[in-house]
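# Structural description and commentary
Here are the chains, one letter per residue:
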Amino acid sequence: MKKEKISVIVSCYNEEQTIPIFYKEMITVTKEMKDNEFEFIFVNDGSKDNTLSLIKDLAKKDKRVRFLSFSRNFGKESAMFAGLENATGDYVTLMDADLQDPPSMLPEMLAVIKKEGYDSVGTRRVTRKGEPPIRSFFARWFYKIINKMSKVEMVDGARDYRLMKRCVVDSIISLREYNRYSKGLFSFVGYDTKWLEYENVKRVAGETKWSFWKLVKYAIEGIVAFTTAPLSLASILGILMCIISFIAIIGIVIKTLVFGDPVGGWPSMVCILLFVSGIQLLCMGIIGQYLAKTYLETKKRPIYIVKETEKDLRK
Ligand code: UDP
Ligand code: MG
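Residues numbered from 1 in each chain as written. Chains lettered and ligands numbered in written order. Predicted model: local features only at pLDDT ≥ 70, side-chain atom pairs only at ≥ 80, totals over all residues. Heavy atoms only, no water.

## With respect to the coordination of the magnesium ion (ligand 2)
The protein atoms donating to the magnesium ion (ligand 2) are D98 (OD) and Q100 (OE1), with metal-donor distances spanning 1.9 Å. For the pair D98 and Q100, a shared accessibility class is recorded, and that class is buried. (Donors = N, O, S within 2.8 Å, 3.2 Å for Na, K, Ca; no water. Buried < 20%, exposed > 50% of the residue type's maximum accessible area, 1.4 Å probe, protein only.)

This is the structure in structure tokens:
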């Protein structure tokens, strides 16, 4: 019987310190899973350090190692998409190079798909140990808010680390949007997913590429990509303002008729003006966010550009 192939996609951005450790760990796992064939796809996301040459060395040594090297840094979402699009396996898994997605979970994940009949297995961190508390706080709130607003379910603590059947992968790559928010896309395509929980693991080496602001921007991207609820905010606030001002007008008319009209109220008027124009700007900003995304989407720019692959090496 032909062995089933597992494609392991690893997105790498400045990961020279972690790649050798990752590869070693991965080899241990492949030895454990003798009934499967493997393919490793390292996606070099425009690294500025020695990452690419390390990957090339691996590709020379090990025929199962493939790579895609981008012409510049396109971001992890693009790297994952490129990997999925190029993977040839019957099963595909996405992993980080820093061993925060433990390869040792792979046998268990495969067993869930094969024995329990799920289409994909995702992983979830139940703790956020080792993460700055402020980051965890905002992350928690982000998931609460987005799940209220969006029909697509976002699982708190879900990692990008998952194992999928071919059909799931094909569905994901059929979604060719430019502004990619994977957590949402994986939920959007549906299929039966089981979540395995594990304790947060610290990065083995190197540093995280995600600053706090990068995460905030990413969160906004997720909201804009998966819900249009903020757009109705303008209408709701508008109606609310109309009602309040109508009541206020009636109140003032009655007050003037009964008590006469002593001039005053300059400071309160300025406050009201500032408040209302603030709300107007906020709503315009929200509309602007959606417009900007639509603008980028209509350009149909490629999600990633490949400069070099293992085929160039093995010519
Ligand atoms: N990564 C990438 N492109 C980027 C940023 C990160 O391919 O622009 C990769 C990175 O090399 C790593 C994974 O995405 O394999 C997760 O990044 P990191 O560990 O910095 O994020 P964290 O685990 O702290 O959320
Ligand atoms: Mg990490």
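## Focus: the state of the cysteines
Scanning the entire structure with this criterion turns up 0 disulfides. Here C242 stays unpaired: no disulfide links it, and the sulfur of C283, its closest cysteine neighbor, is 12 Å away. (Disulfide = S-S within 2.5 Å.)

## Here we look at the pattern of salt bridges
Throughout the structure, instances matching the rule amount to 17 salt bridges. Its salt-bridge partner being E39, residue R66 comes within 2.8 Å of it at the nearest N-O pair. Highlighted residues: R66 in strand β3 (residues 65–70) and E39 in strand β2 (residues 36–44), separated in sequence by 27 residues. On the accessibility criterion, R66 (15% relative accessible area) is buried. Residue classification places E39 among the buried positions, given a relative accessible area of 4%. Across the pair K293 and E221 runs a salt bridge whose closest N-O atoms are separated by 3.2 Å. With a gap of 72 residues between them, K293 in helix α10 (residues 266–299) and E221 in helix α8 (residues 212–226) connect regions that are remote in the sequence. (Salt bridge = Lys/Arg side-chain N within 4 Å of Asp/Glu carboxyl O. Helix = DSSP H or I, 4+ residues; strand = E, 2+ residues; numbered from the N terminus.)

## What about the packing of helix α3 (residues 76–86) against helix α6 (residues 166–174)?
Interaxial distance between α3 and α6 falls to 10 Å at its minimum, and their mutual angle equals 125°. Considered as vectors, α3 and α6 are oriented oblique to each other. Crossing handedness for the pair α3 and α6: left-handed. Within the contact between the two elements, α3 uses F81, L84 and E85 and α6 uses R166, V169, I172 and I173. (Axes fitted to C-alpha atoms, helices over the stretch in contact; angles between N-to-C directions. Parallel < 35°, antiparallel > 145°, perpendicular 65-115°, else oblique. Left-handed = near helix turned anticlockwise from the far one by under 90°. Contact = heavy atoms within 4.5 Å.)

Function-wise, these values are silent; they only describe arrangement.
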